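# Understanding the architecture of this molecule
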Amino acid sequence: MRSSVPRFRDVERQASGLQPVQCLPPCHERQNSMWFIKDACGIVCAIITWLLVFFAVFVVLFVMLIPSKNLTYSLVNGTLFNSLAFLAVASHFRAMCTDPGAVPKGNATKEYIESLQLKPGQVVYKCPKCCSIKPDRAHHCSVCKRCIRKMDHHCPWVNNCVGESNQKYFVLFTMYISLISLHALVMVVFHFLYCFEDDWTKCSTFSPPATVILLILLCFEGLLFLIFTSVMFGTQIHSICTDETGIEQLKKEERRWAKKTKWMNMKAVFGHPFSIAWFSPFSTPDHGKADPYQYVV
């Protein structure tokens, strides 16, 4: 059975029902200021993520590629792996330090409601936790302590919510991590075969026991992250194509927004029109100029 919306949000149908004295003054953040969540667990998880990527780069370079006698093999695989690793780290940084679509705090005031000039029968959603007027499809995050537009979930590995404005970077992060994990696993298999055929003392600058331990650790890391990020990447693409966030699927909220094609939903997240910029974490998607404050009649 689908749950009704008022079950998850406080509903104020009239401006006179608001109590502005309970809310702080509206918070006007600088648009150019960096977004960063000061959550201890998220910061630790983000640091661990970076360290694991740097460990993979270290093993790939100094255990497998640099000692290799095949210069072409080392150059091609080194360039490809490090490029993907750089894009993965850049995507992680953008997902972590980009405002996911936070609603301004403290704007649930009588004056602001009256300025909206709502028509009779229109519904206004108010968040009692951050005193914000909620746009449609926005949810409150207890970690970020903000209402986030089209919030999918809060991810501790990027120390941020995945929402309307940073979902592209999170999708790219999961994609590039899965690619470097797969690439590392393939190189580990070839390196093991090469070392078995040749002398172990000649296939690495490290001692044979150290080489085996480092390769096994990289293999375990690559397999674990390949499975995890591939599943996350698949669920994110499915969520985008169906235009239904993870929270909306979990709560089984009734669809109250217009249904669009899968291609239109993809373009809404990655930007218009389709280009190589879709795969770049340095390109900010154009989400259009739609009014972020949309209310249900």
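Residues numbered from 1 in each chain as written. Predicted model: local features only at pLDDT ≥ 70, side-chain atom pairs only at ≥ 80, totals over all residues. Heavy atoms only, no water.

Note the threshold: UniProt positions are given in the numbering used here, feature names are shortened, and annotations may be inferred rather than shown by experiment.
Named according to an unreviewed UniProt entry, the chain is Palmitoyltransferase originating from Cyprinus carpio. The record in UniProt for the chain states the following under Subcellular location (unreviewed entry): "Membrane".

### Quick notes on helix α1 (residues 40-65)
Applied cut-off: Put simply, DSSP marks the helices as runs of H or I at least four residues long and the strands as runs of E at least two long, and each gets a number from the N terminus on. An expected span of 1.5 Å times one less than the residue number is assigned to each helix. Each residue gets one of three labels from its accessible area relative to the maximum for its type: buried under 20%, exposed over 50%, partly exposed in between, using a 1.4 Å probe on protein chains only. Throughout, a contact is declared for two residues whenever any of their heavy atoms are within 4.5 Å.
Across its 26 residues, α1 extends 36 Å between first and last C-alpha, which sits within 8% of the 38 Å expected from 1.5 Å per residue. Restricting attention to buried positions, one finds in α1 the residues Gly42, Cys45, Ala46, Thr49, Val53, Ala56, Val57, Val59, Val60, Val63, Met64 and Leu65. Along its buried surface, α1 packs onto α2 (71-97), α4 (167-197) and α5 (208-242).

### Here's the deal with the state of the cysteines
Note the cut-off: Any pair of cysteine sulfurs within 2.5 Å is marked as a disulfide.
The tally for this structure, following the rule as stated, stands at one disulfide. Here cysteine 195 is linked by a disulfide to cysteine 203, with a sulfur-sulfur distance of 2.3 Å. Judged by the torsion about the S-S bond (105 degrees), the cysteine 195/cysteine 203 disulfide is right-handed. Residue classification places cysteine 195 among the buried residues on the basis of a relative accessible area of 0%. Distance from the sulfur of cysteine 127, which forms no disulfide, to the nearest cysteine sulfur (cysteine 147) is 3.5 Å. A residue is classified by how much of its surface remains accessible, and cysteine 127, at 2% relative accessible area, is buried. The thiol of cysteine 155 is unpaired, and the distance to the nearest cysteine sulfur, on cysteine 45, comes to 8.2 Å.

### Points about the UniProt feature "transmembrane region" (unreviewed entry) in the chain
Taking the UniProt record as the reference, the feature "transmembrane region" (unreviewed entry) is found at residues 40-65, 71-90, 169-194 and 206-228. Across residues 40-65 one finds 100% helix and 0% strand; the C-alpha atoms that close the span lie 36 Å apart.

### A closer look at the pairing of strand β5 (residues 146-149)
Put simply, the test is: Strands are treated as partners if at least two bridges between them are detected by DSSP.
By the alternation rule, side chains of β5 split into Arg146 and Ile148 and Cys147 and Arg149, which are all buried. Pairing analysis gives four bridges linking strand β4 (residues 138-141) to β5, with the strands arranged antiparallel. Along β5, the bridge assignment pairs cysteine 141 with arginine 146. The loop that links β4 with its antiparallel partner β5 comprises four residues; one of these, lysine 145, has a positive phi angle of about 60 degrees.

### Quick word on the packing of α1 against α5
To keep things clear, this is the line we draw: Where helices are involved, their axes are fitted lines through C-alpha atoms of the stretch in contact, as for all axes, and angles between N-to-C directions lie from 0 to 180°. Any angle that is under 35 degrees is reported as roughly parallel, and any over 145 degrees as roughly antiparallel; angles of 65 to 115 degrees are reported as roughly perpendicular and all others as oblique. Left-handed describes a crossing whose near helix is turned anticlockwise from the far helix through less than a right angle; right-handed describes the clockwise counterpart. Three categories are distinguished: nonpolar for Ala, Val, Leu, Ile, Met, Phe, Trp, Tyr, Cys and Pro, charged for Asp, Glu, Lys and Arg, and polar for the others, with Gly belonging to the last.
In the contact formed by α1 and α5, the axes pass within 10 Å of each other and the chain directions differ by 135 degrees. It follows from the interaxial angle that α1 and α5 lie oblique. Between α1 and α5 the crossing geometry is left-handed. Where α1 approaches α5, its residues Leu52, Val53, Phe55, Ala56, Val59, Val60, Val63 and Met64 are matched on the opposing element by Thr211, Leu214, Leu215, Leu217, Leu218, Glu221 and Phe225. Tallied by class, residues from the contact of α1 with α5 come to 13 nonpolar, one polar and one charged.

### Here we look at the side chain of histidine 183
With respect to the secondary-structure elements, histidine 183 resides in helix α4. On the basis of relative accessibility, which here comes to 11%, the residue histidine 183 falls in the buried class. Filtering out sequence-adjacent residues up to four positions away, histidine 183 remains in contact with Asn77, Leu80 and Phe81.

### Some remarks on empty space enclosed by the protein
Convention followed: Lining residues are those with an atom within 4 Å of a point, where the points come from a 1 Å grid over the protein atoms alone and group into cavities, where a 1.4 Å probe fits but cannot get out, or pockets, open sets with protein on both sides within 12 Å along at least five of seven lines. Grid points are joined across faces, edges and corners, and a volume is the space filled by probe spheres set on the points.
One pass over the full model with this rule turns up one cavity of 30 Å³ or more. In this structure, the largest cavity occupies an estimated 120 Å³ of space. Lining the largest cavity are 13 residues, with Ala56, Ile180, Ser181, Glu221 and Phe225 sitting closest to its centre. Looking at the lining of the largest cavity, the elements that each hand over two or more residues are α1, α4 and α5. Taken together, the residues of the lining of the largest cavity break down into nine nonpolar, three polar and one charged.

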